[in-house]
Amino acid sequence: MSREAKVGIFVVLGLVVLTYFTFRVSKWGGIGEKGYKLSVDFENASGLEPKANVKMAGVPVGKVEEIQLVGNRARLVLRVNEGIRIPVDSVASVQTQGLLGEKYVEILPGKQADQMLPSGGRIANTVAPVNLDEMIRKLSLIADDVKRFTDSLAGSIGTEEGKRSVTEILRNVREASAVLRNVTAGNEDRLNRILANIDTLSADLKDISSSNKEDLRATIANLRSFSQTLKEQTPGLAKKLEAMGDQVSGVIGENRENIKESISNLKSASAKLDNTLLAAEKVFAKIERGEGTLGKLVNDNTAHTSLTDTLDGINRYVRKTEALKTFLDYRLEYQTEPSEYKHYVNLRLQPSADKYYLIGVVDDPLGKLSATDTTTVTDGVTTKTQSDTYSNKLKFSAQVAKRFSGLTLRGGVMESTGGVGADYEILKDRLTVGVDAFDFTRKGNQPPHLKAFGNYDIVKNLFITGGVDDILNDEKSLRTFFLGFGIKFEDEDLKTVLGAVPIKP
Amino acid sequence: MAKEGNRIGLNAALEKFGTRVFGMLEDLGNIFVLLLQCVSWVFRPPSEFRNIVKQMEEVGIRSMPVVLVTATFTGMVIALQSWSGFQRFQATSLVGSVVALSITRELGPVFAGLMVSGRVGAAMAAELGTMKVTEQIDALVTLATNPVKYLVVPRVIAATVVLPILVVFADLVGILGGYFVAVYLLGANSYVYINKTYQYLEFKDIYTGLVKAAVFGFLIAIISCYNGFIAQGGAEGVGRATMRAVVASSMVVLISDYFMTSLMF
């Protein structure tokens, strides 16, 4: 290929590309522009740029060519594609693509299909663009309302009780409709008969009225003759009426005083009514001005606020009460040495999973130790005998407990003395092993009361227990093994009772 | 003495500086004279048509690969960069416009100019410098051939005409490079990208780029030829002339770019 040919190809190719660009770019020095111009004025054209789209029914039909300030308003010159016809009464508005997208001019076509805007015409009707901030503010207000509504819905229907009542209502409706269906199904024949009867009745009525047309006509004739008679006798009647009027006026004249009195009574009654109304008006005005208790209640925001606070407080309290779990348990321990029975009743209040309060009563057969010294003198020898007797005693426990995963630490009053304890729960909390240490200062230099035990839940509400009681105390043969069982259950009713006890939330 | 020596040092420095300034002014004047000679010889017969075509091949066709590769990667990197910027405010649809505008208005002409000044300016200065130091130019004069008409005019015409054409190709491949990156690598919508590319692109953007390119071509050619003409001192002088040609023409491209842009803003 010759050098000239290469250069020629190079130049031609360059010109081809340049020509391609020329035809693709949207504006070519004002030459070759298609379509016609329209103008439109807006209060505010913020966000609009030249070349922004003009759309009709969402379809691009042109571009914004120029934006100028004319007076205080923005004047847009639109270039609308050839062949797009826009009615004279069309409405233009600035719209946004999406919430934050680019702006464009939307033309809502008018109804006057016979009059179209000419080239250079002006779209007179515009809609002010929506202020986004304003819109968002309104939306957030609405959202607040909706939220309040859904909150109250959640409060009423969302609760277990609400769900129950809705279910109940639905069940009632179902039952009612079932009953209705049964009634109609059972009485279909009867209903049909009733309808048939009504049919015949109306037919009869029709019959009667048509067959008695003659009678009706006669009745009307009678009426006419009666009115005729009346007319003829009117002068006489008038005279009689006059005489009667005279009599009446005579009667009134005689009772003038009475009538006057009645009227004056009426007057005073109405004056009183007036006063009453006035007073009522004053009261209402006071209320409206916010005076007095009622007025404050009605007008003062603090009343509302404190009411809301109160309700909040109640709400919180109710929630707490709801979260609170109460367990009751009873256990019976059989001690081997000496063979005695020991009873426990405990109330466990559990406000949250990791802590509880334990209040209990223990019936301890070895509860009370009483030592009696007997001095016997036999043959001049004085023998001192000390006899210890134990008697039944009710003891009380009150403990606080805190749980750290499997381990629970307890402390407080155990069997009417100070004590501490620890439990460890394994096998998904079914098996509990624990140690209690209490009664640190016992009579007669006895070591502290140490009790090791294990509980195993056979089923949810029934458990067995076993262990060694008073381990350290072998001196007085009080160390004993024990075996027993117990029942425990969660108590809902007791909680409600507790909820009624005023506790500061 | 020290003071005297100081004064001598200062004087020497000032003298050196002054010589530099005068040298630059002299160069500027000489270039202007060359420019006038050039213009005056353009319209005088006989025309150096074959010579012009040869230079067009040299400046245009031979420079195509380097210009196209540069422009492609420029478009790609602009797409990448502006994407990462616009993504921060959800305006990635505008990447097409940004690529198209920056390539056609600015980067296409400038990078093409820089490439040509490096490739062709150096070649011109070296060729003419070698001819100068081997006294071939003097020989031309003795053959009654004007060296400006024979050597400079074809180069200047070729560069002035060819550089805009190079820039047209650079614009095309730059936009295509940006399209490739945005659509195939970043997942832009192809229709939206093309639409945005053309929505904001005006013919003015393209032709101002082409005017710039023509001016660049003219300046590169004349500065390189001048530096070749003033080469002296053997191979070393040729080397120095080449270096000066490339540095001067690259700087002139960037400086004149600013002024032309502000003029045609």
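Since the structure is predicted, the reported quantities are computational estimates derived from the model, not experimental observations.

*Asks:* A description of the domain arrangement of chain B should follow, citing residues and the corresponding values.
*Replies:* Note on interface size: it is often stated as the accessible area lost on association of the parts. Residues and elements named next belong to chain B. The assigned domain composition of chain B is domain 1 (1-44) and domain 2 (48-263). For domain 1 and domain 2, the distance between their C-alpha centres works out to 29 Å. With 11 residues of domain 1 in contact, the opposing surface of domain 2 contributes 14 residues. Taken together, the two surfaces of domain 1 and domain 2 that pack against each other cover about 1100 Å², and 78% of this comes from carbon and sulfur. Sorting the residues of domain 1 by area buried against domain 2 places Leu-34, Cys-38 and Trp-41 first, and these three jointly supply 49% of that buried surface. Linking domain 1 with domain 2 are 1 salt bridge. Between domain 1 and domain 2 we count 4 residue pairs in polar contact (both at pLDDT 80 or more) in total. Of the residues belonging to the side of domain 1 that touches domain 2, the class tally is 6 nonpolar, 2 polar and 3 charged.

*Asks:* An account of unusual backbone geometry is needed here, citing residue identities and associated values.
*Replies:* Residue and element names in this part refer to chain A. Here the phi dihedral of Ala-57 falls at roughly 55 degrees; this positive angle occurs in a residue that is not glycine. Looking at the element boundaries, Ala-57 is found in the loop between β2 (53-56) and β3 (59-70). The exposure class of Ala-57 is exposed, given its relative accessible area of 71%. Phi angles above zero are rare outside glycine, and Asp-470 is one such case at about 55 degrees. Note that Asp-470 resides in the loop between β17 (462-469) and β18 (480-490). You can call Asp-470 buried: its relative accessible area is 3%.

*Asks:* Would you mind going over the packing of aromatic side chains in detail, with residue names and values included?
*Replies:* The geometry of an aromatic ring pair comes down to the distance between the two centres and the angle between the two planes. Evaluated as defined, the whole model comprises 7 aromatic pairs over all chains. The interplanar angle of 85 degrees and the centroid separation of 6.3 Å between the aromatic rings of B:Tyr179 and B:Tyr184 together place this pair among those described as edge-to-face. Relative to B:Tyr193, the ring of B:Tyr179 lies with its centre 5.6 Å away and its plane at 65 degrees, an arrangement referred to as edge-to-face. Within this pair, whereas B:Tyr179 is found in helix α6 (residues 147-185), its partner B:Tyr193 is found in helix α7 (residues 190-199), the two being separated by 14 residues in sequence. Cluster of aromatic residues (ring-pair linked, three or more members): B:Tyr179, B:Phe180, B:Tyr184 and B:Tyr193. The ring of A:Tyr104 carries A:Lys55 above its face, with NZ or CZ at 4.4 Å from the centroid. The lysine or arginine in question, A:Arg348, covers the ring of A:Phe327, its NZ or CZ lying 5.5 Å from the ring centre.

*Asks:* I'd like a description of the pattern of salt bridges, backed by residues and values.
*Replies:* Counting across every chain of the model gives 30 salt bridges over all chains. Residue A:Lys147 is joined to A:Asp151 by a salt bridge in which the shortest nitrogen-to-oxygen separation is 3.2 Å. With A:Lys147 and A:Asp151 both in helix α2 (residues 132-156) and 4 residues apart, the pair spans about one turn of that helix. For A:Lys147, a relative accessible area of 49% translates into the label partly exposed. Residue A:Lys402 is joined to A:Asp354 by a salt bridge in which the shortest nitrogen-to-oxygen separation is 2.8 Å. Placement of A:Lys402 in strand β12 (residues 381-404) and of A:Asp354 in the loop between β10 (339-352) and β11 (355-378) is noted, with a sequence separation of 48 residues between them. A:Lys402 gets classed as partly exposed once you look at its relative accessible area, which sits at 34%. By sharing partners, the salt bridges in this structure join A:Lys6, B:Glu57, B:Glu58, B:Arg62 and B:Arg119 into a single network.

*Asks:* Mind laying out the packing of helix α4 (residues 95-133) of chain B against α7(B), listing which residues take part and the relevant values?
*Replies:* Residues and elements named next belong to chain B. At a minimum axis distance of 7 Å, the contact between α4 and α7 shows a crossing angle of 45 degrees. Accordingly, the angle class assigned to the pair α4 and α7 is oblique. For α4 against α7, the interelement crossing comes out right-handed. Facing Val-95, Gly-96, Ser-97, Val-99 and Ala-100 of α4, the residues of α7 in contact are Tyr-193, Lys-196 and Thr-197.

*Asks:* Please provide a residue-by-residue account of the sheet that holds β2(A), values included.
*Replies:* All names here are of chain A. The mixed open sheet is built from 8 strands, whose spatial order is β7-β1-β4-β3-β2-β6-β5-β8. Pairing within the sheet leaves two strands with one partner each, and these edge strands are β7 (121-123) and β8 (125-127). Neighbouring strand axes in the sheet, compared pairwise and without regard to direction, differ in orientation by 35 degrees on average. Pairing geometry for strand β1 (residues 36-42) and strand β4 (residues 73-80), over 7 bridges, is antiparallel. In the strand pairing of β4, Val-40 is matched with Leu-76.

*Asks:* For the environment of B:Phe229, give the residues involved together with the corresponding values.
*Replies:* Residue and element names in this part refer to chain B. Inspection of the secondary structure assignment puts Phe-229 in helix α8 (residues 203-229). Judged by its relative accessible area of 15%, Phe-229 falls in the buried class. As for Phe-229 and Thr-74, which are separated by 155 residues in sequence, their C-alpha atoms are 35 Å apart. With near-sequence residues (within four places) excluded, Phe-229 lies in contact with Leu-34, Leu-128, Lys-132, Ile-137, Pro-147, Val-148, Leu-151 and Val-152.

*Asks:* Describe the interface of chain A and chain B, listing the residues and the values that go with them.
*Replies:* Contacts between chain A and chain B engage 22 residues on the former and 26 residues on the latter. Broken down residue by residue, the surface that chain A buries against chain B is led by A:Arg3, A:Phe10 and A:Phe21, which jointly contribute 29%. Linking chain A with chain B are 1 salt bridge, by the criterion used here. A salt bridge links B:Glu57 to A:Lys6; the shortest N-O distance between them is 3.4 Å. In this structure, the connection of chain A to chain B is made through 2 residue pairs in polar contact (both at pLDDT 80 or more). Counting residues per element, the side of chain A that touches chain B draws most heavily on helix α1 (residues 3-24) of chain A, at 14 residues. Grouping the constituent residues of the side of chain A that touches chain B by class yields 11 nonpolar, 3 polar and 8 charged.

Cut-offs applied
- Residues numbered from 1 in each chain as written.
- Chains lettered and ligands numbered in written order.
- Predicted model: local features only at pLDDT ≥ 70, side-chain atom pairs only at ≥ 80, totals over all residues.
- Heavy atoms only, no water.
- Domains from an automatic or database assignment.
- Contact = heavy atoms within 4.5 Å.
- Buried area = accessible area lost by both parts, 1.4 Å probe.
- Salt bridge = Lys/Arg side-chain N within 4 Å of Asp/Glu carboxyl O.
- Polar contact = N/O pair within 3.5 Å; in protein donor to acceptor, adjacent residues only side chain to side chain.
- Nonpolar A, V, L, I, M, F, W, Y, C, P; charged D, E, K, R; others polar.
- Helix = DSSP H or I, 4+ residues; strand = E, 2+ residues; numbered from the N terminus.
- Buried < 20%, exposed > 50% of the residue type's maximum accessible area, 1.4 Å probe, protein only.
- Phe/Tyr/Trp six-rings, centres within 6.5 Å; stacked < 30°, edge-to-face > 60°.
- Lys NZ or Arg CZ within 6 Å of the ring centre and 35° of its normal.
- Axes fitted to C-alpha atoms, helices over the stretch in contact; angles between N-to-C directions.
- Parallel < 35°, antiparallel > 145°, perpendicular 65-115°, else oblique.
- Left-handed = near helix turned anticlockwise from the far one by under 90°.
- Pairing = 2+ DSSP bridges.

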